[in-house]
Amino acid sequence: MEVVACIDQSSPAATMDMNVVRAAVATQGYSARFEKFDGSGVGDDPYSEKNFHKLTSSRCQLVLGFPVDVQAPLLPTGVKGSAPYGQTGFALVTRDHAPPELSQLAEGTEVAVAYETAPNLFFEHHTNIQSDVHPDNDDALDALAKGKVKAAMLWAPIVVQYTQRHAKGHKLFFALLNEPHARWDLVALYDDSGVAAAEVFDKGVGELRASGRLAALLAPYAVVGDRPTASAVKPANVVSRNEYNRGGLIKVSNTKKKSGAKAPAIYSAEQASAGQQVFMSNCSMCHGADLGGITGPALKGQKFASAKDDFAVSDIFGILSTQMPAGRPGTLKPEEYAAVMAFILQQNGYPAGPNALTYAQAQTSKVPLISSSK
Ligand code: HEC
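Report follows, based on the coordinates. (Residues numbered from 1 in each chain as written. Predicted model: local features only at pLDDT ≥ 70, side-chain atom pairs only at ≥ 80, totals over all residues. Heavy atoms only, no water.)

## A few points about the overall build of the protein chain
Next up, step 1: On a plain count of helices and strands, the protein chain comes out with 12 helices and 12 strands.
Next up, step 2: Counting over 374 residues, the protein chain shows a buried share of 51%.
Next up, step 3: Total accessible area on the protein chain stands at roughly 16,800 Å², and carbon and sulfur atoms take up 53% of it. (Helix = DSSP H or I, 4+ residues; strand = E, 2+ residues; numbered from the N terminus. Buried < 20%, exposed > 50% of the residue type's maximum accessible area, 1.4 Å probe, protein only. Areas by Shrake-Rupley, 256 points an atom, 1.4 Å probe, with all protein chains shown as cover.)

Below you can see the structure in the form of structure tokens.
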């Protein structure tokens, strides 16, 4: 009997994934066969629901290569995840010595990150470090290897792959970060057609874990993790390889909508009109003068901020203040970022009040961002 697994070739840990599947199903008396696909093509997201079901219905019982955020596990409808078989995530990488905690890096240390990956958000909580944004992971790693920056925050398996390819180059040290949304579970994804195979896989992983073989199969890309294998992950928030490479914007929030609550007035009308000018000169070319979206996504309405997106003002402000305007992130003045946030709030139906929104308030505001405009 055979388990067929789709493996994302663009994942640096593709071989590890195959080894785990092969070993896990073998413990249950099954053999494994692999179908390879490339999850890296820009604009061709294999993880869209439609493409996912195409993979499973035509070929595979299990799909590997799409980790889930430990803190926000949400899968698209109809897609389930196995129990986590390993854990990895975003790591702090340094050149000459084992990485300290983020908070121990010297004041003003520049830290390289890849454009629009989760670590862009970590600067918000660590004012001692400054972001040095690169178009992709390799570019950020090169900057570190050449000593242009002292540290980087990147997807750990990519760092492993880089150090293997550049074995003779400068030694890099890395450790997984303990930041919100830095830790990711490795899971096998499946739909209704893969339930039986997933059961075989889960049982097998449980045996590998119990016998101590799992850690060796995962090394050096991932670790066993401290979470039990018993329960399958809840529906999860998944980032495709595609998004690691391009850098996925990871939407971060713990704030729950309080239904029926009236939107609070957290900015002033004057500030929103100043924000409109900032927007027209710096943002409208990509997001549209009416915020309807052009090359950048809409910043107004249900597509942008519906209750189920579960955004707080600080989440979206974190993105816009550290990653926007795309191409030259972080180049506006703090008061311009606050003003443009005020304008976005106004356009999404929030009332103006007596006080302007400060940069510091926007950074920490847990006010839910739920648009009341269409
Ligand atoms: C060169 C084009 C460009 C410019 C200029 C630009 N953006 Fe963006 N923006 C993007 C793209 C593309 C994305 C989506 C990135 C992704 O999802 O990977 C984005 C995403 C965003 C998001 C996150 C939206 C969401 O739903 O997650 C916000 C907020 C945002 N931009 C605000 C702004 C603001 C405010 C400005 C001006 C200060 C600005 N952008 C300027 C292209 C641009």
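## A short note on the coordination of the iron atom of the ligand
Next up, step 1: Distances from the iron atom of the ligand to its protein donors, namely His-287 (NE2) and Met-324 (SD), fall within the range 2.0 to 2.2 Å.
Next up, step 2: Of note is the iron atom of the ligand, whose 6 donor atoms meet at the metal with angles of 85 to 178° in an arrangement that counts as octahedral. Residue His-287 is found in helix α9 (residues 284-287), and its partner Met-324 is found in the loop between α10 (313-323) and α11 (334-347); the two are separated by 37 residues along the sequence. Residue His-287 shares its accessibility class with Met-324, and that shared class is buried. (Donors = N, O, S within 2.8 Å, 3.2 Å for Na, K, Ca; no water. Tetrahedral: all angles 85-135°; square planar, octahedral: opposite > 155°, others 65-115°.)

## Describing α11
Two residues of an α-helix separated by three or four positions point the same way, owing to the 3.6 residues in each turn.
Next up, step 1: The terminal C-alpha atoms of α11, which comprises 14 residues, lie 20 Å apart, in line with the 20 Å expected from a rise of 1.5 Å per residue.
Next up, step 2: All buried positions along α11 are accounted for by Tyr-337, Ala-338, Ala-339, Val-340, Met-341, Ala-342, Phe-343, Ile-344 and Leu-345.
Next up, step 3: On its buried face, α11 is in contact with α8 (269-282), α10 and α12 (359-364).
Next up, step 4: Where α11 terminates, the next one or two residues include Gly-349, which has phi positive at roughly 90°. (Expected span 1.5 Å × (residues − 1). Contact = heavy atoms within 4.5 Å.)

## Topic: the pattern of salt bridges
Next up, step 1: Taken as a whole and assessed by the stated rule, the structure comprises 3 salt bridges.
Next up, step 2: Here Arg-33 and Glu-2 are joined by a salt bridge, their closest N and O atoms 3.1 Å apart. Linking Arg-33 in strand β2 (residues 31-37) with Glu-2 in strand β1 (residues 2-8), this pair joins segments that are 31 residues apart in sequence.
Next up, step 3: Three or more residues joined by partner-sharing salt bridges are found here, namely Glu-2, Arg-33 and Glu-35. (Salt bridge = Lys/Arg side-chain N within 4 Å of Asp/Glu carboxyl O.)

## Comments concerning the nonpolar core
Next up, step 1: Met-153, Leu-345 and Leu-369 are the most contacted members of the largest nonpolar core, which totals 61 residues.
Next up, step 2: Listed by contribution, the elements that provide at least two residues to this core are β6 (86-94), β7 (109-114), α3 (137-145), β9 (151-155), α4 (156-165), α8, α10 and α11.
Next up, step 3: Mapping this core onto the domain boundaries places at least three of its residues in each of domain 2 (88-176) and domain 3 (269-364).
Next up, step 4: Apart from the residues lying within four places of it in its own chain, the contact partners of Leu-345 are Ile-266, Tyr-267, Val-313, Tyr-350, Leu-357 and Leu-369.
Next up, step 5: Counting residues in hydrophobic clusters, the runner-up holds 30 residues, among them Val-3, Ile-7, Phe-34 and Ala-188. (Core = buried A, V, L, I, M, F, W, Y, C linked by side-chain atoms within 4.5 Å. Domains from an automatic or database assignment.)

## Here we look at unusual backbone geometry
Next up, step 1: With omega at 0°, the peptide bond leading from Ala-219 into Pro-220 counts as cis.
Next up, step 2: Within the element layout of this structure, Pro-220 appears in the loop between α6 (214-218) and α7 (241-246).
Next up, step 3: A cis geometry characterises the amide bond from Met-324 onward to Pro-325, with omega recorded as -10°.
Next up, step 4: Relative to the elements of secondary structure, Pro-325 occurs in the loop between α10 and α11.
Next up, step 5: Even without a glycine there, the phi angle at Leu-291 is positive, about 65°.
Next up, step 6: By the secondary structure assignment, Leu-291 is in the loop between α9 and α10.

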